[in-house]
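Per-entry structural report
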Amino acid sequence: MRAVILAGGQGTRLRPFTTLIPKPLVPLGGRYSILEIVLLQLAKAGFTHVTLAVNHLANLIKAYFGDGSRWNIVLDYSFEDKPLSTIGPLTLIDDLPENFLVMNGDILCNLDFLAFFRAHEASGSEVSVSALRREVKIDFGVLEYNDDFSLTRFVEKPTYTFDVSMGIYCISRRVVERLAKGQPYGFDTLMLDNLKNGTPTRIEPFNCYWLDIGRPEDYAHADEHFDELAERLGISLP
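Just so you know, these numbers come straight off a predicted model, no measurement behind them.

Here we take up the overall build of the protein chain. Summing up its helical and strand segments, the protein chain has seven helices and 13 strands in all. Its C-alpha atoms give the protein chain a radius of gyration of 19 Å, within 12% of the compact-globule value 18 Å for 238 residues. C-alpha atoms of the protein chain, sized along the principal axes, occupy 65 × 45 × 35 Å. Restricting the contact set of the protein chain to residue pairs at least 6 apart, pairs at least 24 apart contribute 74%. With the model as given, the accessible surface of the protein chain reaches about 12400 Å², and the carbon-plus-sulfur share is 52%. For the protein chain, the distance from the average position of its 23 positive side-chain charges to the average position of its 31 negative side-chain charges is 2 Å.

Here it is in structure tokens:
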């Protein structure tokens, strides 16, 4: 099974940590880098070949992870000479299988990667998107009004519920073959194009732990509570 991890971002939200260290190498709990945790999870789930799509400080990433033998996987690299967003980097990889997993390199979660991948294969869908329900509390009174500016509804500090993308997808090679090689193309554009063209896109909701490490406050929380977090992620501590 094949996975592609998007690890080419500059990590601007995590500065100054990422000024000299690429975001995938930012440490957690003084034990593992973020990307190392993801590789351990993928290997445990049965993925045997992982491609890292890299750009910013790529040589440091390659020097640290090497050929992947430490994690019992085949690890190779796809280098971008310019930012290609989320889906664009896939067009530079020539040996993609019929179906593969794609995920951001700054995500910590306990998603069942194998089950997600198998469900995608069985569905026949070109794109499967993992989704998580999130609540957003608004700390203000929300006003609703009609065209003549007359109040129609008022809600004090409401909480809204959304299903959000987890940044983990399963994709068919057919999607990539339709795109221009080496041109920026994002996940957001793919979703809008699929809606416009009537291309079925499968959404699979999950109820699991999920944290986007790209935000400083979330990184600080994960770093401080890593011993507890490692157990939830299925990671053995040295």
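For soluble globular proteins, nonpolar side chains are generally found buried alongside one another. Counting residues in each nonpolar core, the largest one holds 35 residues, and the members touching the most others are Leu42, Leu52, Phe65, Leu101, Phe113 and Ile168. The next biggest cluster of nonpolar side chains, apart from the first, holds 20 residues, and it includes Val4, Val102, Tyr169 and Val175.

As a further point, take a nonpolar patch on the surface. Residues Leu143, Tyr145, Phe149, Leu151 and Phe154 make up a contiguous nonpolar surface patch of roughly 630 Å² in combined accessible area. For the nonpolar patch, the elements supplying multiple residues, two or more each, are β9 (141-145) and β10 (151-156). With relative accessibility at 55%, the residue Leu143 sits in the exposed group.

Let us look at the environment of Ser130. With respect to the secondary-structure elements, Ser130 resides in strand β8 (residues 127-137). It is 5.9 Å that separates the C-alpha atoms of Ser130 and Pro205, two residues lying 75 residues apart in sequence. Beyond its immediate chain neighbours, meaning those up to four positions away, Ser130 contacts Leu111, Phe116, Val164, Ser165, Met166, Ile168, Glu204 and Phe206. One polar contact links the side chain of Ser130 to the main-chain carbonyl oxygen of Ile168, over a distance of 2.8 Å.

The next thing to look at is the pairing of strand β4 (residues 49-54). When you tally the buried positions in β4, you get six out of six residues, the bulk of the element. In the sheet, strand β1 (residues 2-7) pairs with β4 via six bridges, with the strands oriented parallel. Residue Ala3 lies in a different strand from β4, and its bridge partner there is Val50. Direction of pairing for β4 relative to strand β5 (residues 74-79): parallel, over a ladder of six bridges. For Thr51, the partnering residue across the bridge sits in β5 and is Asp76. Crossover β4 to β5 through helix α2 (residues 58-65) is right-handed.

A few words on helix α3 (residues 113-123). Among all positions of α3, only Phe113, Phe116, Phe117 and His120 are buried. Taken down its axis, α3 places every buried residue within 95° of arc, on the same side.

Another point: the packing of aromatic side chains. Given two aromatic rings, one states the distance between the centres and the angle between the planes to describe the pair. Enumeration according to the criterion identifies eight aromatic pairs in this entry. Residues Phe116 and Phe206 carry aromatic rings whose centres are separated by 5.6 Å and whose planes lie at 85° to one another, so their mutual orientation is edge-to-face. Of the two residues, Phe116 is situated in helix α3 and Phe206 in strand β12 (residues 202-206); the sequence distance between them amounts to 90 residues. Taken together through their ring pairs, the aromatic side chains of Tyr64, Phe65 and Trp71 make up a single cluster. The ring of Tyr64 carries Arg70 above its face, with NZ or CZ at 5.1 Å from the centroid.

Below, the discussion takes up the side chain of Thr91. When you line up the elements, Thr91 lands in the loop between β5 and β6 (99-104). Take Thr91: its relative accessible area is 9%, and that puts it in the buried class. A polar atom in the side chain of Thr91 sits 2.9 Å from the backbone nitrogen of Gly182. Leaving out residues up to four positions away in the same chain, Thr91 has contacts with Val176, Leu179, Ala180, Lys181, Gly182 and Gln183.

A word on the side chain of Thr86. Locating Thr86 in the fold gives a position in the loop between β5 and β6. Here Thr86 falls in the buried class, since its relative accessible area comes to 19%. Not counting the four nearest positions on each side in its chain, Thr86 is found in contact with Leu6, Asn104, Tyr169, Tyr185, Gly186 and Phe187.

Basis of the calculations
- Residues numbered from 1 in each chain as written.
- Predicted model: local features only at pLDDT ≥ 70, side-chain atom pairs only at ≥ 80, totals over all residues.
- Heavy atoms only, no water.
- Helix = DSSP H or I, 4+ residues; strand = E, 2+ residues; numbered from the N terminus.
- Rg over C-alpha atoms; globule rule 2.2 N^0.38 Å.
- Contact = heavy atoms within 4.5 Å.
- Areas by Shrake-Rupley, 256 points an atom, 1.4 Å probe, with all protein chains shown as cover.
- Lys, Arg positive; Asp, Glu negative; His and termini not counted.
- Charge placed at Lys NZ, Arg CZ, Asp CG, Glu CD.
- Core = buried A, V, L, I, M, F, W, Y, C linked by side-chain atoms within 4.5 Å.
- Buried < 20%, exposed > 50% of the residue type's maximum accessible area, 1.4 Å probe, protein only.
- Patch = residues over 30% accessible without salt bridge, like charges linked within 9 Å, V, L, I, M, F, W, Y side chains within 5 Å.
- Salt bridge = Lys/Arg side-chain N within 4 Å of Asp/Glu carboxyl O.
- Polar contact = N/O pair within 3.5 Å; in protein donor to acceptor, adjacent residues only side chain to side chain.
- Pairing = 2+ DSSP bridges.
- Right-handed = clockwise from strand over helix to strand, strands pointing away.
- Arc of directions from axis to C-beta.
- Phe/Tyr/Trp six-rings, centres within 6.5 Å; stacked < 30°, edge-to-face > 60°.
- Lys NZ or Arg CZ within 6 Å of the ring centre and 35° of its normal.

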